[in-house]
Structures are given as structure tokens and as C-alpha cells.
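Chain residues, written in single-letter form:
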Amino acid sequence: MMARLFRCELLKIKRKGLWLLTVLGPFGVVALQMVNYGMRKAYLFAQSEDRWGYYLHNVGAFTPLALVLGIVILTSFVAFVEEETGAWKSMAALPAPKGALFLAKFFVPAMLLMVSSILLALFTWAHGMTLELGQRVPWGDLLARSLLPYFAAFPILALQSWVSAVARHQGTAITVGVMGFFLTYNSHHLPDWIIWRWPMMASLGDRAEMSALLGLAVGAALLVAGMRHFARKDVI
């Protein structure tokens, strides 16, 4: 049943431009470094002997912002499709619990963001190879800075999916998302227990593994809470 619901959700986003956004997000993050290194490559090389490490740090500074912005856009768009087409009623007619409907809607942006994170690693590596940073690629650091922020952002994804699914108007969900974006932008001022700080910690290598594990644990708890709330609430 979950597989059927997931296929239904994928059909709804067909020709909606979300796959294009999935590619443009990570490309935009790396494109900023294309401009950065294109304008002052010599200066940036002089900042550290570890050219790969400094390059990955620069990419990582923008990764959490793109990730959180992507979460807001994708979750709100998935919920907006339901409001626009009135698809909630047809979904409710399926012999599936409402919690499963919520889970299917969570999996769509989760899958797209995972694809974006993998593409970020590929784009980061490809551009790094053109900069003559050295032949020894730090694959562990590159993959960690590309993928761990995704897991650290799981609570944000679960919370945003929850709000988008139960809010009467998507303006509420977008407002929550914009507030989260600004919290992420100013995350260096936040205490470590705030979930909007965790993607930046993971991206910049500040207790990255702990941030990712906390993200998965808290994200799972919020996902279960969202499923239960959605199952009780009359949102159809």
C-alpha cells in the first residue's frame, strides 16, 4: 500500500518542475564557488595549505541554507498540489490509514532532497577537480559535508511536512519555513539544541556525526507526532 501511495505522489509532481529544482539547488551552491574562485582564486589558495579542505568549507557554508530553503519549497508545493486539485478526497477513498498518506507525502521531498545531496557531492567534486586543488580527493570529508547535513535537517523536514499537511493555508507553512531559514542563516548565534543549528554544524564539521544522529532521532519523533496529529485531524 505504501508503494502505491508513493507512486501516486510521484505522479502528482510529474511535470511540476520539482526535479529541475532538485538539480538547480546543489548546482547553485557550487556555482557560488565557481564565481568565488573565478574572481579570487589566488587569494583563496593562500588562505590554507589544505586547498581541498578550505574549498569544502566554503561550499559547506551555503549548503544548509539551500537545504532548508529546499525543504520549505518542496513540502509546501506537495501540500499545495493537494489543495489546488482537491486530491485529498480521492486519497481518502483509498483503503489506507491517514497516517500512511502523511508518510507518503513526507517521502517525496525526503527523496528529492537526498538526490540533491548526492548531486551536491558530484558537483562539488567535479568543480574541485577543475581548480587544481590536488589529486588526492578527501572523499570521506566530501561525502560527509554533502550528506550529513541532510540527515541533520530531518527534524526540519518532518516539522515542515507536519505544518504543511495540517495548515489551512500554505501561507502559514511558508511563514514557518521563512523563520526557519533565517534561524539557519543566524545559526552561529543559536545554542546547540536548536534544530536549525544542526545542518550548519554537520556541514562545517562541528560534531557532524552527532548532529546527524540527533537529526535522525528527533526527526523520527516529529514524524511520528505529525502522523498521529494528521490521522486525528479533519484535513480532508
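The paragraphs below set out a description of the structure included in this document. It should be emphasised that the depicted structure is a prediction, and the values quoted were computed from it without experimental measurement.

If you walk through the whole model with that rule in mind, you get 5 salt bridges. Note that Asp 192 is salt-bridged to Arg 197, the shortest N-O span being 2.7 Å. Residue Arg 197 is classed as buried on the basis of its relative accessible area, which comes to 13%. A salt bridge links Arg 197 to Asp 206; the shortest N-O distance between them is 3.6 Å.

A word on unusual backbone geometry. Unlike most non-glycine residues, Glu 132 shows phi in positive territory, near 60°. With respect to the helices, strands and loops of the structure, Glu 132 is situated in the loop between helix H6 (98-130) and helix H7 (139-152). Here the phi dihedral of Arg 207 falls at roughly 50°; this positive angle occurs in a residue that is not glycine. Mapping Arg 207 onto the fold places it in the loop between helix H10 (198-203) and helix H11 (208-232). Residue classification places Arg 207 among the partly exposed positions, given a relative accessible area of 40%.

At a minimum axis distance of 7 Å, the contact between helix H8 (residues 154-166) and H11 shows a crossing angle of 15°. The angle between the axes of H8 and H11 places the two elements in the roughly parallel class. Classified by chirality, the crossing of H11 by H8 is left-handed. Across from Phe 154, Pro 155, Ala 158, Leu 159, Trp 162, Ala 165 and Val 166 in H8, the residues of H11 making contact are Gly 215, Leu 216, Val 218, Gly 219, Leu 222, Leu 223, Ala 225, Gly 226, His 229 and Phe 230. Its residues assigned to classes, the contact of H8 with H11 comprises 13 nonpolar, 4 polar and no charged.

What counts, and where the lines are drawn
Residues numbered from 1 in each chain as written. Predicted model: local features only at pLDDT ≥ 70, side-chain atom pairs only at ≥ 80, totals over all residues. Heavy atoms only, no water. Salt bridge = Lys/Arg side-chain N within 4 Å of Asp/Glu carboxyl O. Buried < 20%, exposed > 50% of the residue type's maximum accessible area, 1.4 Å probe, protein only. Helix = DSSP H or I, 4+ residues; strand = E, 2+ residues; numbered from the N terminus. Axes fitted to C-alpha atoms, helices over the stretch in contact; angles between N-to-C directions. Parallel < 35°, antiparallel > 145°, perpendicular 65-115°, else oblique. Left-handed = near helix turned anticlockwise from the far one by under 90°. Contact = heavy atoms within 4.5 Å. Nonpolar A, V, L, I, M, F, W, Y, C, P; charged D, E, K, R; others polar.

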